[in-house]
Amino acid sequence: MGRGPFSGCVRAYGRGMRDDPRLPTSPGFWRSPLRSPRFTSVLGLVLLVGITVLFVTGLVSYAAYNPGLSPVNDKTPDKGFLGFYLFAWPTDPPWLYRLNQGVHVTLGITLIPVLLAKLWSVVPKLFALPPARSLAHALERISLVLLVGGGLFEFVTGVLNVQLDYVFPGSFYPLHFYGAWVFFAAFVAHAVLKTPAAVRNLRRLRKGDGEDEGDTELVSPRPDPPTVSRRGALWFVGGGSLLLFATTVGQNVDGPLRRTALLAPHGGAEPGSGPNGFQINKTAAYAGIDAAERSADAWRLVVTGRTGTVRLSRAELARLPLHSSALPIACVEGWSTSDQWWRGVRLRDLAALVGHDGDPPDVFVESLQRHGAFRRAALRANQVADPRSLLALYVNGEDLSPDHGHPARVIVPAAPGVLNTKWVARLTFGDL
Ligand SMILES: Nc1nc2c(c(=O)[nH]1)N[C@H]1C(S)=C(S)[C@@H](COP(=O)(O)O)O[C@H]1N2
Ligand SMILES: [Mo]
């Protein structure tokens, strides 16, 4: 900094802003007696665990799409080395994606009050002057911008996607994926710096003695009289989380409990109250499926493989050996069904029809649908080979309804809903 009269003026001005309790840049502006390193520590440690679980389940969810298999599965094609961890998604246990995504979305929603309380508890630091005391302090504050901005961004994009159903057509995945890496990098740096003191604060809190450690600037120099204890405030935050949890988690089970999911788009009354009686993601009308194209006269399944192409009517498919599997639908948006009883032709038997006996390859699945991100999908050889993987014609003892994918749909154990293509028209077997 220069030494001229101007810099003296800036310093005096800065001091004024720090001392005038009408301005948020002054510690005296912040009156809540609740703010303290301990209060922040408790919330921070909850987020340390919770956000780590969110990050891991989020990355796992991306792997479940098998994005490395085919560009049609990959909603984040420019990821580069950030895809280093991808692996071939297994088919066991069959509830794997249901659990992963249920945890990811339910926990994310449950943590919202904790995140907001944590941000509230440190907000005076956002305004603290001087903006930077040293290079290290400047770097720390920049990392906090990434931390707070990244955290808000991830929670907002996640909630909007779940609640408003693909509000960012095509772009939710890259936004949420890259946002997660930025956020988590800042989060790790922050956790390394802050966790030791937070743990010590929590120990002292349990023992009820000792001084707070850490950012004493969090403590208001002229607190208002307390209207609620810190413990009471923590219960309030926890109660808010519990309420969100209780009104969300029901979207993962069929039956009357689903109605408890008051805040979830797939809670409440079952949209699939028709013959098949379970949740529908996109209806046939929404996907632009023409009833005439599904009719017995018009529809043929086109199966292509090593030995050429066969065309099968629905009646011909129904005369092939049929098998049953009890499998859920589990959507990336965090809702799922209980097991449904699917009946149809094994994918590996269809592979065998076109020359892939014994050791089936990958398959590329295309639907009648003409537009939309999920009209086609690729499945890996391990998914095709699993005897529970079906091209289903029936569900729960009835013909598939138009909304659940009539004439035929894919159902694969442990796969995300996105890979269970409805209104299938074409299967192309071969290594992708
Ligand atoms: N052709 C096609 N198949 C599709 C979709 C789609 O939009 N088009 N949506 C997928 C998604 S995201 C999910 S969660 C499941 C939902 O199946 P359901 O509507 O039978 O419950 O279907 C999948 N199959
Ligand atoms: Mo989905």
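Notes on the structure in this doc start here. From a predicted model like this one, the values you see are computed outputs, not experimental measurements.

Enumeration over the complete set of coordinates arrives at 17 aromatic pairs. Their ring planes at 45° and their centres at 4.8 Å tell us that Tyr 62 and Phe 177 sit as a pair that is tilted. Of this pair, Tyr 62 sits in helix α2 (residues 37–64) while Phe 177 sits in helix α6 (residues 172–207), placing them 115 residues apart in sequence. Taking relative accessible area as the criterion, Phe 177 reaches 7% and is therefore assigned buried. Taking the centre distance of 5.8 Å and the plane angle of 35° together, the rings of Phe 87 and Trp 89 count as tilted. For Phe 87, a relative accessible area of 35% puts it in the partly exposed group. Taking relative accessible area as the criterion, Trp 89 reaches 1% and is therefore assigned buried.

Moving on, we get to empty space enclosed by the protein. Evaluated as defined, the whole model comprises two cavities of 30 Å³ or more. Approximately 590 Å³ is the volume attributed to the largest cavity. Residue lining of the largest cavity: 29 residues in total, with Gly 58, His 104, Glu 154, Phe 172 and His 176 positioned closest to the centre. Those elements that provide at least two residues to the lining of the largest cavity are α2, α3 (96–110), α5 (135–164) and α6. By residue class, the composition of the lining of the largest cavity is 18 nonpolar, nine polar and two charged. Volume-wise, the second largest cavity comes out at about 40 Å³.

Attention now moves to the layout of surface pockets. Sizing a probe to match a water molecule and rolling it over the atoms shows the empty space that remains. For the largest pocket, the calculated volume is near 910 Å³. Taken together, 41 residues make up the lining of the largest pocket; nearest its centre are Lys 118, Val 122, Leu 144, His 190 and Lys 194. If you list the elements that add at least two residues to the lining of the largest pocket, you get α2, α4 (112–127), α5 and α6. For the lining of the largest pocket, the element with the highest residue contribution is α6, accounting for ten residues. Grouping the constituent residues of the lining of the largest pocket by class yields 23 nonpolar, nine polar and nine charged.

Rules and cut-offs
Residues numbered from 1 in each chain as written. Chains lettered and ligands numbered in written order. Predicted model: local features only at pLDDT ≥ 70, side-chain atom pairs only at ≥ 80, totals over all residues. Heavy atoms only, no water. Phe/Tyr/Trp six-rings, centres within 6.5 Å; stacked < 30°, edge-to-face > 60°. Helix = DSSP H or I, 4+ residues; strand = E, 2+ residues; numbered from the N terminus. Buried < 20%, exposed > 50% of the residue type's maximum accessible area, 1.4 Å probe, protein only. 1 Å grid on protein atoms, 1.4 Å probe; cavity = no way out; pocket = protein on both sides within 12 Å on 5 of 7 lines; lining within 4 Å. Points joined across faces, edges and corners; volume = space filled by probe spheres on them. Nonpolar A, V, L, I, M, F, W, Y, C, P; charged D, E, K, R; others polar.

These figures capture arrangement, not role.
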